Protein chains: 2
Amino acid sequence: MGRPAARNVKGFRDLFSGDLLLKQRMIDTVRTVYERYGFVPLETPAVEFVDVLGKFLPEQQTPEGGIFAFRNPDASPAAPPDDPDLWLSLRYDLTAPLARVVAQYSQLQRPFRRYQIGSVWRYEKPGPGRYREFIQFDFDSVGVPSVAADAEACMVMCDVLEALGFARGEYAVKVNDRKIMQGILEACRLGETNINDEKSKAAAVLRAIDKLDRVGLPGVRELLGAGRKDASGDVTAGAGLAPAQIALIEAYLVARGATRAETCTRLTALVGETPAGKAGIEELSEIDRLLTSQGYADDRVSFDPSVIRGLSYYTGPVFEGLITREVLDEQGRPTQFGTVFGGGRYDGLVERFTGQQVPATGASIGVDRLLAAMSLLKADERRAATAQVLVTVMDRARMPEYLGAARRLREAGINTEVFMGEGRIGNQLKYADKLDIPLAIVAGGLEFERSVFQVKDLRLGRALSGSIAAHDEWKKSQPAQREVAAKDLVSEVRRMLAGPAGA
Amino acid sequence: MGRPAARNVKGFRDLFSGDLLLKQRMIDTVRTVYERYGFVPLETPAVEFVDVLGKFLPEQQTPEGGIFAFRNPDASPAAPPDDPDLWLSLRYDLTAPLARVVAQYSQLQRPFRRYQIGSVWRYEKPGPGRYREFIQFDFDSVGVPSVAADAEACMVMCDVLEALGFARGEYAVKVNDRKIMQGILEACRLGETNINDEKSKAAAVLRAIDKLDRVGLPGVRELLGAGRKDASGDVTAGAGLAPAQIALIEAYLVARGATRAETCTRLTALVGETPAGKAGIEELSEIDRLLTSQGYADDRVSFDPSVIRGLSYYTGPVFEGLITREVLDEQGRPTQFGTVFGGGRYDGLVERFTGQQVPATGASIGVDRLLAAMSLLKADERRAATAQVLVTVMDRARMPEYLGAARRLREAGINTEVFMGEGRIGNQLKYADKLDIPLAIVAGGLEFERSVFQVKDLRLGRALSGSIAAHDEWKKSQPAQREVAAKDLVSEVRRMLAGPAGA
């Protein structure tokens, strides 16, 4: 085979320190909020049986295409193709493993309120920003029939986004209810069709609504009617609805009012007569009442009839959390980050395993998508180094002294690296500079004789590059290099780290 | 297929809150120490090409048996069997991905000092405490020829174990040097044989030494000579060494002195004449000098000639970190946890990819093995709940008041759960009790009328179960239930949480 090429598998990537330190802070922040509400951690394996994931295609006796599946190496070569233990897969999300856990451990206390963070894998076509491995961070309450838990989920999403640094008005949580969607289908006399059947008119309607963001109201109108040809000439078949049906759905899509209460009033006029619609509006009204009581007003959580969140799966309220603050991308172009949280109520969670309905609700934050947004928004907070100080090594025979200086700083809680590579001081300082380490300590024979260290502030050149006046001004108040008595090393380093360029 | 059974794949497991909260604290502690030394994070995918992992068997044109490999779904069905892109695998460790990264990104600063935490997967026979998915937490310095980096790795291991709560004398770091092992082989005139050839005498010698813990010195003597029959009657073939060779290796195995310096002196007498042995002793002496200069004495880091750390791979100093404190297992039997850290110098890290030698050293902590030890050692610190307070719900119509009380507590930094399930107060209190939530708040119409809450301390029953005298004593000073004015809720809850049962 010769030497292997050092390469990634398509759709997989490596992440480095600048992104990862930011991501770690994000994850800690999200976890803190989840725990504030009393959610507890759960960890499940990366590998599951394909039938547990619900991704087996019985008619073809193979796993579904969108997952990373492989033959169970424990299975006998003679195992029949319908052996449920024959196929394994990397998990596709964290919801199917949750369902398995709830079905498997009957001793679990209900409500079971867990959070889980972990990688999930999808065998899909990768693209810019689309990877085949990414991290989800879910919270779910299992065994909670009341919509108070849905209202709580909305509050958790708001609290997470604010804890991450998004101010009111920079994010939005949008809520809809699957029962109201069923109500509009019933009002259109499409209530009998099965939305889980991809070929049904109901499914076509939901798909059309789901495209509202991309194609606008006129586009949805075409998709509900005869079909739509896009700019590239591709034709999407229409749902073939009658004009009265289309008009009703259009009215539904623009039913969002200035307040949640107004949206409920408008929706009542449209679907309040249908049993499903009435039930959905009751749920939303109760969510409105609870959110309002806790000060979560319309500027944070709104009701939006156009929110779909996929075709099946959900059974009641559905919600998503968006970053609405505009971000400039690396090329300076305004970018919308859109949805980072998605979730809703799914009372059929464990039905697939046990036949029983267990009411559950929760949401998932896409950590990698959020990281992309935060990387741009918090570019000034990005740091690649963990070390605050680099101790350079001028004279290898003095290694005990260099290690000793580092040890004193570390014991004071200051992250300190001793340069362990090869190269002269100039190269060592360049290393600290490239890694964005704020301070460097330099000492040779003269310094050791006099029990002093030279401490260089490397942020100076970085922070003030370009501005000579500011550079000079700053240099007067904070010279780039200070001679520090060995006994004062810790206090002086601490003082310099707290200085202006460290702000 | 019917309903799938809710089950784990063999060798995989779920982890719940009690373990996970402890594990999270452990991981945060280890990360803090790694960052204290300036190591920076790296994240690589779970999925790699099999040839990148070095696990392809060219003669059989298949992946090695010990990994979870699967056909690359992107590969053409007509791909030839020697197509290097044909096979993917879950990563086996974090070292092979590190090697790939170093070979792949030429712009990386050297030294490249990274830490990485992540799951690794091995297709091995599972057993008690042996899983096919487990977490490693590595730190490595790449591009560091000096043994100062090896000495630093020993200090990092000590600092991590102390930060985790192990006192001096409860853990040990043991160091050996692959060059000294080569020296003893040379002194036995086995220097020409290749230790990487499993059938060589040299490999048989290292395997025999590696069994010292299990079979003792007499057992090793048999394995070095004619072979050994164990208690079950199984026979292990011997290395077939001559008595003089066996005597030399025995002397080597007992060469450990009371101090590192004494061990070096004894080793010099045994292998100081061989080029490899001499080089190895020089490395250990320098490590001793540096460790001693930083106060890491023999009670923390010792030199131990019996440390092997596998057959190939390492090229210089090797080390392991052990928990020596005796632990009682769940059945009250004394248990040795043994090695939790393993590592060493491996200058051939990226040679497989680039043909170049890049000096590197580092170690890996087995997070799951450590968790097993910590679960027993810190059993009293184990908590399954994140919530410190459960707000019970007596009257659903009052949900805004219950949510409001929880919100005030959360805003004060107190983790608070509102009971979202169904059931009477008695069942809700039982839920808090099962989950180990310290306090519960109860309020009904009477309380709301008078603007008070009842706060119950649920730890009382748990902490004092069995001891009636202590129970009565405690009850006098700290009643199990207090009526608290609504305006004082936060301060009173904080006071109760800080009370004796919370200590």
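1. Details of the packing of aromatic side chains
Using the criterion set out here, one finds 33 aromatic pairs over all chains in the structure. With a centroid separation of 4.9 Å and 75° between ring planes, the pair formed by A:Y34 and A:F137 is classed as edge-to-face. Highlighted residues: A:Y34 in helix 1 (residues 17-36) and A:F137 in strand 8 (residues 133-142), separated in sequence by 103 residues. Taken as a pair, A:Y34 and A:F137 share a single burial class, namely buried. With a centroid separation of 6.5 Å and an interplanar angle of 70°, the aromatic rings of B:Y314 and B:Y346 are classed as edge-to-face. In this pair, B:Y314 sits in the loop between strand 12 (301-303) and strand 13 (317-323) while B:Y346 sits in the loop between strand 16 (338-345) and helix 11 (351-354), placing the two residues 32 residues apart along the sequence. Residue B:Y314 is classed as buried on the basis of its relative accessible area, which comes to 15%. Overall, the relative accessible area of 3% leaves B:Y346 in the buried class.

2. Overview of the packing of helix 1 (residues 17-36) of chain B against helix 12 (residues 367-377) of chain B
Residues and elements named next belong to chain B. Helix 12 packs onto helix 1 with a crossing angle of 115° between their chain directions and a minimal axis gap of 10 Å. In terms of crossing hand, the pair formed by helix 1 and helix 12 is right-handed. Where helix 1 approaches helix 12, its residues D19, L22, K23, M26 and I27 are matched on the opposing element by V367, D368, L370, L371, M374 and S375. Classifying every residue of the contact of helix 1 with helix 12 by side-chain character gives seven nonpolar, one polar and three charged.

3. Observations concerning unusual backbone geometry
Residues and elements named next belong to chain A. With an omega of -5°, the peptide bond between R110 and P111 qualifies as cis. Considering the arrangement of structural elements, one finds P111 in the loop between helix 3 (95-104) and strand 7 (112-121). One non-glycine residue, R189, lies in the positive phi region at around 60°. Structurally, the position occupied by R189 is in the loop between helix 5 (178-187) and helix 6 (201-210). On the basis of relative accessible area, R189 is assigned to the exposed category, the value being 77%.

4. A few points about the sheet that holds strand 2 (residues 47-49) of chain B
Residues and elements named next belong to chain B. If you trace the three strands from one edge of the open sheet to the other, you get 2-6-5, paired in antiparallel fashion. The open sheet has two edge strands with one neighbour each: strand 2 and strand 5 (69-71). Neighbour to neighbour, the strand axes of the sheet diverge by 35° on average, direction disregarded. When strand 2 meets strand 6 (residues 87-90), the two strands line up antiparallel, connected through three bridges. Counterpart to V47 in the pairing with strand 6 is L90.

5. Some points on the relation of the copies chain A and chain B
When chain A is brought onto chain B, the operation consists of a screw motion whose angular component is 180° and whose axial shift is 0.0 Å, with 0.0 Å RMSD remaining. Within this description, the copies of the chain are treated as partners about a two-fold rotation axis. When C-alpha distances to the rotation axis are compared across chain A, the minimum falls at A:F70, with a value of 2.9 Å. When you check the interface residues of chain A against chain B, 100% turn up at the interface there too, and the contact is symmetric in its surfaces.

6. Quick word on the side chain of A:E170
All names here are of chain A. Within the secondary structure, E170 sits in the loop between helix 4 (148-163) and strand 9 (171-177). Among the polar contacts made by the side chain of E170, one reaches the main-chain amide nitrogen of A167 at a distance of 2.8 Å. With residues near it in sequence (within four places) discarded, E170 still touches G165, L322, I323, T324 and R325.

7. Concerning helix 3 of chain A
Residues and elements named next belong to chain A. Within helix 3, eight of the 10 residues are buried, which leaves the element mostly enclosed by the surrounding structure. Within the sequence span of helix 3, burial applies to T95, A96, P97, L98, A99, R100, V101 and V102. Check the buried side of helix 3 and you find it contacts strand 2 (47-49), helix 2 (50-53), strand 7, strand 8 and helix 11 (351-354).

8. Topic: the packing of helix 6 (residues 201-210) of chain B against helix 7 (residues 212-224) of chain B
All names here are of chain B. Remark: helix 6 packs on helix 7, axes separated minimally by 7 Å, with the N-to-C direction vectors making an angle of 145°. Counted together, V205, A208, I209 and D210 of helix 6 and L212, V220, L223 and L224 of helix 7 form the full contact between these two elements. The class makeup of the residues in the contact of helix 6 with helix 7 is seven nonpolar, no polar and one charged.

9. Description of the sheet that holds strand 22 (residues 481-485) of chain A
All names here are of chain A. With mixed pairing, the five strands of this open sheet are ordered in space as 19-18-20-21-22. For this open sheet the edge positions go to strand 19 (416-418) and strand 22, each flanked by a neighbour on one side alone. In this sheet, neighbouring strand axes are inclined to one another by 25° on average, regardless of whether the strands run parallel or antiparallel. As judged from the three bridges shared by strand 18 (residues 389-391) and strand 19, these two strands associate in the parallel manner. Across the sheet, the residue bridging to V389 is T416, located in strand 19. Against the sheet, helix 13 (residues 399-411) makes contact with strand 18, strand 19, strand 20 (439-442) and strand 21 (452-457), and its axis sits at roughly 170° relative to strand 19, the strand it touches most.

10. A look at the side chain of B:R410
Tracing the chain through its elements places B:R410 in helix 13 (residues 399-411). Among residues more than four places away in sequence, those in contact with B:R410 are A:R36, A:Y37, A:E152, B:T416, B:E417 and B:V418.

11. Digging into the interface of chain A and chain B
The figure often quoted for interface size is the accessible area lost as the parts come together. Facing the 109 residues of chain A at the interface are 109 residues of chain B. Approximately 9,100 Å² of surface area, both sides summed, lies buried where chain A meets chain B, with 59% of it carried by carbon and sulfur atoms. In this structure, the connection of chain A to chain B is made through 16 salt bridges. Here A:D85 makes a salt bridge to B:R7, at a shortest N to O gap of 2.7 Å. The tally of links from chain A across to chain B stands at 55 residue pairs in polar contact (both at pLDDT 80 or more). Its residues assigned to classes, the side of chain A that touches chain B comprises 59 nonpolar, 19 polar and 31 charged.

12. Side note on the nonpolar core
Residues A:Y34, A:I365 and B:Y34 are the most contacted members of the largest nonpolar core, which totals 274 residues. Discounting chain neighbours no more than four positions away, the residues touching A:I365 are A:V30, A:Y34, A:I135, A:Q136, A:F137, A:V160, A:L164, A:V340, A:F341 and A:L370.

13. Describing the pattern of salt bridges
Under the definition given, this model contains 78 salt bridges over all chains. Here A:R113 ties to B:E417 by a salt bridge, and the two come within 3.2 Å at their closest N and O atoms. In this pair, A:R113 is assigned in strand 7 and B:E417 in strand 19 (residues 416-418), connecting two distinct chains. B:E492 serves as the salt-bridge partner of B:R482, at 3.7 Å between the closest nitrogen and oxygen. Pair noted here: B:R482 is in strand 22 (residues 481-485) and B:E492 is in helix 18 (residues 489-497), with a separation of 10 residues, a long-range link. A single network of salt bridges, built from pairs that share partners, joins A:R13, A:K23, A:D368 and B:E43.

Rules behind the numbers
Residues numbered from 1 in each chain as written. Chains lettered and ligands numbered in written order. Predicted model: local features only at pLDDT ≥ 70, side-chain atom pairs only at ≥ 80, totals over all residues. Heavy atoms only, no water. Phe/Tyr/Trp six-rings, centres within 6.5 Å; stacked < 30°, edge-to-face > 60°. Helix = DSSP H or I, 4+ residues; strand = E, 2+ residues; numbered from the N terminus. Buried < 20%, exposed > 50% of the residue type's maximum accessible area, 1.4 Å probe, protein only. Axes fitted to C-alpha atoms, helices over the stretch in contact; angles between N-to-C directions. Left-handed = near helix turned anticlockwise from the far one by under 90°. Contact = heavy atoms within 4.5 Å. Nonpolar A, V, L, I, M, F, W, Y, C, P; charged D, E, K, R; others polar. Pairing = 2+ DSSP bridges. Least-squares fit on C-alpha atoms with pLDDT ≥ 70 in both. Polar contact = N/O pair within 3.5 Å; in protein donor to acceptor, adjacent residues only side chain to side chain. Buried area = accessible area lost by both parts, 1.4 Å probe. Salt bridge = Lys/Arg side-chain N within 4 Å of Asp/Glu carboxyl O. Core = buried A, V, L, I, M, F, W, Y, C linked by side-chain atoms within 4.5 Å.

By themselves these figures say nothing about function.
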